[in-house]
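Now for the letters of each chain:
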Amino acid sequence: MSHPIAHTPGRIAESPTEHALPSYLQSDNLGPWGIYLQQVDRVIPYLGHLSRWAETLKRPKRALIVDVPIQLDNGTVAHFEGYRVQHNTSRGPGKGGVRFHQDVTLSEVMALSAWMSIKNAAVNVPYGGAKGGIRVDPKKLSLGELERMTRRYTSEIGIIIGPTKDIPAPDVNTNEQIMAWMMDTYSMNEGATATGVVTGKPVDLGGSLGRRDATGRGVFTVGVEAAQHIGLDIASSRVAVQGFGNVGSVAARLFAQAGARIVAVQDHGGTIFREAGLDIPALLAHVAASGSVAGFAQAESLANDQFWDVDCDILIPAALEQQITALNAGRIKARMVIEGANGPTTPAADDILQDRNVLVLPDVIANAGGVTVSYFEWVQDFSSYFWSEDEINARLVRIMKEAFASVWEVARDKKVSLRTATFIVGCTRILHARELRGLYP
Ligand code: GLU
């Protein structure tokens, strides 16, 4: 295994040639935190007197870097670098996922925590924003190593998390089992079972029905709402999906069930295409058996870069940040982009898509279904009273539709993109809370 805490330049490195790049490419090189700051700057003119507090949005409230040493199966000790960032807690406890990925950096986690603040405020769940991560390729760990790493990380961040302080959840490469270990570790340290310390837990351990599908269901819900506004018929639409994990696969399934053709799917293993539409249940079975969409028999394989040229009506980036950039935004054929991932589109690409009349449903509203059902899970844990899946889905759909309708109205009134509109709604709520609470001490 390569040394896990080796610092690679990450996505914010300045290359020696960077200053020679044209300005639109320089803005593509900002890295996630730089992108977030640019998104905030675009919104400040719309914040009225609250802009006085805008600096609050430009720095995380608290950022913790932890060393996570574990014993590997071969008897040696490996060190991983972990993070937990609480961007803002004006509206309530920090809330946001934990990701395990080899490219995780502090600045990425800062951006992801900030996007959680905006997202939670946009759907009006009573949370601030937080995010965590470990710089590790979890596929290289055995199950036992993964458990030891998760438990040690949880103990290390235990000084700042808690059911009323900051509530982690799944994100890239983390799942219900990892949440169960986190809940158990925190509870053992506290001396009492604290189910509300994480969400996205197994249903038998205080998890919520509907949580697993919630992000994809939210993506689908806002997609259907937006399609009506632009006269796009979902039942005859063609959809391309990047990422076939918990978000992309559920969104693909729901769009296919509504009659759409899923014409292309890309994941870490490759890109597949079928003009007539992919058989999603068969593809899910293939991925469960092989780990990737690559090699799916009932499809042709494409070079990864060809994904951006696929003829489609709806494009769903549901993988990682900075996928749609100034270099490929001009090639996208879709009429609508629904951001299942966090931060998949750079500001330069946003502008190109807007000029080309491609409607972007931004992450901070489009993928808010996950945290919305996390909120339901947390409420159910506190009351120890659990709701039916129908009730959860109905409440989720209602919140997503209402939040999307408000954002749509702001975008129309102020003639801004849906991203800027969502930031206006989110930042206004956060800074209003900030103002009401005032400065301490
Ligand atoms: N990781 C998910 C997100 O980015 C869910 C966070 C949560 O449920 O707290 O929105």
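Residues numbered from 1 in each chain as written. Predicted model: local features only at pLDDT ≥ 70, side-chain atom pairs only at ≥ 80, totals over all residues. Heavy atoms only, no water.

Engineer: Can you help me understand the packing of aromatic side chains in this one?
Structural biologist: The way to describe two aromatic rings as a pair is by their centre distance and the angle between their planes. Under the criterion given, the structure shown has 11 aromatic pairs. Ring plane angle 40 degrees and centroid distance 6.4 Å describe the contact between Tyr375 and Trp378, whose orientation is recorded as tilted. Separated by three residues within a single helix, Tyr375 and Trp378 lie in helix 11 (residues 369–383), roughly one turn from each other. Tyr375 sits in the partly exposed class, given a relative accessible area of 23%. Each ring, one from Trp378 and one from Phe382, has its centre 5.1 Å from the other, and the planes form 85 degrees; the classification is edge-to-face. (Phe/Tyr/Trp six-rings, centres within 6.5 Å; stacked < 30°, edge-to-face > 60°. Helix = DSSP H or I, 4+ residues; strand = E, 2+ residues; numbered from the N terminus. Buried < 20%, exposed > 50% of the residue type's maximum accessible area, 1.4 Å probe, protein only.)

Engineer: Even after reading the chapter, I still don't get the environment of Gly269, so can you show me in this structure?
Structural biologist: With respect to the helices and strands, the residue Gly269 is situated in the loop between strand 8 (261–267) and strand 9 (270–273). Given the relative accessible area of 41%, Gly269 is considered partly exposed. Distance in space between the C-alpha atoms of Gly269 and Val293 is 6.6 Å, their sequence separation being 24 residues. Sequence-distant contacts of Gly269, that is, excluding residues within four places in its chain, are made with Ser292 and Ala294. (Contact = heavy atoms within 4.5 Å.)

Engineer: Quick question: what am I supposed to make of the nonpolar core here?
Structural biologist: Nonpolar side chains in soluble globular proteins tend to be buried together. Counting 84 residues, the largest nonpolar core has Tyr36, Phe255, Leu283, Ile316, Ile338 and Leu361 as its most contacted members. Take this core: its biggest share by element is nine residues, from helix 12 (residues 389–414). In this structure, Phe255 is in contact with Val219, Phe220, Gly223, Ile234, Val239, Ala260, Ile262, Ile314, Ile316 and Ile338, ignoring residues within four places of it in sequence. In this structure, Ile70, Ala78, Phe80 and Ala194 belong to the second largest nonpolar core, which totals 27 residues. (Core = buried A, V, L, I, M, F, W, Y, C linked by side-chain atoms within 4.5 Å.)

Engineer: Sorry if this is basic, but what is going on with the sheet that holds strand 2 (residues 77–88) here?
Structural biologist: Working definition: the strands of a sheet are paired by backbone hydrogen bonds and lie parallel or antiparallel to each other. Strand order in the open sheet formed by four strands is 1-2-5-4, with mixed pairing between adjacent strands. In this open sheet, the two strands that pair with only one neighbour each are strand 1 (62–71) and strand 4 (98–101). Taken pair by pair, the neighbouring strands of this sheet meet at an average axis angle of 20 degrees, ignoring direction. Where strand 4 meets strand 5 (residues 129–135), four bridges bridge the pair, whose relative direction is parallel. Bridge pairing in strand 5 links Val98 to Gly132. Contacts from helix 3 (residues 106–122) reach strand 1, strand 2, strand 4 and strand 5, with the element oriented near 150 degrees to strand 5. (Pairing = 2+ DSSP bridges. Axes fitted to C-alpha atoms, helices over the stretch in contact; angles between N-to-C directions.)

Engineer: Looking at this model, I keep getting lost on the environment of Trp33. Mind explaining?
Structural biologist: Position of Trp33 among the secondary structure elements: in helix 2 (residues 31–43). Each C-alpha atom, one on Trp33 and one on Gly343, is 9.8 Å from the other, the two residues being 310 residues apart in sequence. When sequence neighbours within four positions are dropped, the list of residues in contact with Trp33 reads Leu57, Lys58, Arg59, Pro60, His87, Ser107, Met110, Ala111 and Ala114.

Engineer: Mind showing me how you'd approach helix 3 here?
Structural biologist: Working note: α-helix, 3.6 residues per turn, so residues spaced by three or four point in the same direction. For helix 3, built from 17 residues, the straight-helix expectation of 24 Å at 1.5 Å per residue is met to within 8% by its first-to-last C-alpha distance of 24 Å. When you tally the buried positions in helix 3, you get 16 out of 17 residues, the bulk of the element. Asn124 sits one or two positions beyond helix 3 and adopts a positive phi of about 60 degrees. (Expected span 1.5 Å × (residues − 1).)

Engineer: Would you explain the side chain of Arg217 in this entry?
Structural biologist: Along the chain, Arg217 falls in helix 6 (residues 211–229). It turns out Arg217 is buried and unbridged, and the closest side chain with the opposite charge, Asp213, is 4.1 Å from it. In this structure, Arg217 is in contact with Val250, Arg253, Leu254, Asn393 and Leu396, ignoring residues within four places of it in sequence. (Lys, Arg positive; Asp, Glu negative; His and termini not counted. Salt bridge = Lys/Arg side-chain N within 4 Å of Asp/Glu carboxyl O.)

Engineer: What exactly am I supposed to notice about the confidence of the model for the protein here?
Structural biologist: Low-confidence regions, as indicated by low pLDDT, have predicted coordinates that should not be scrutinised in detail. Averaged over the protein, the pLDDT score is 94; the fraction of residues at 70 or greater is 94%. Mean pLDDT per element in the protein: helix 1 (residues 23–28) is the minimum at 59, and strand 6 (residues 166–167) is the maximum at 99. Overall, residues 1–19 carries pLDDT values under 50, and its contacts beyond four positions in sequence, including any with other chains, amount to 31 contacts. (pLDDT = per-residue confidence, 0-100.)

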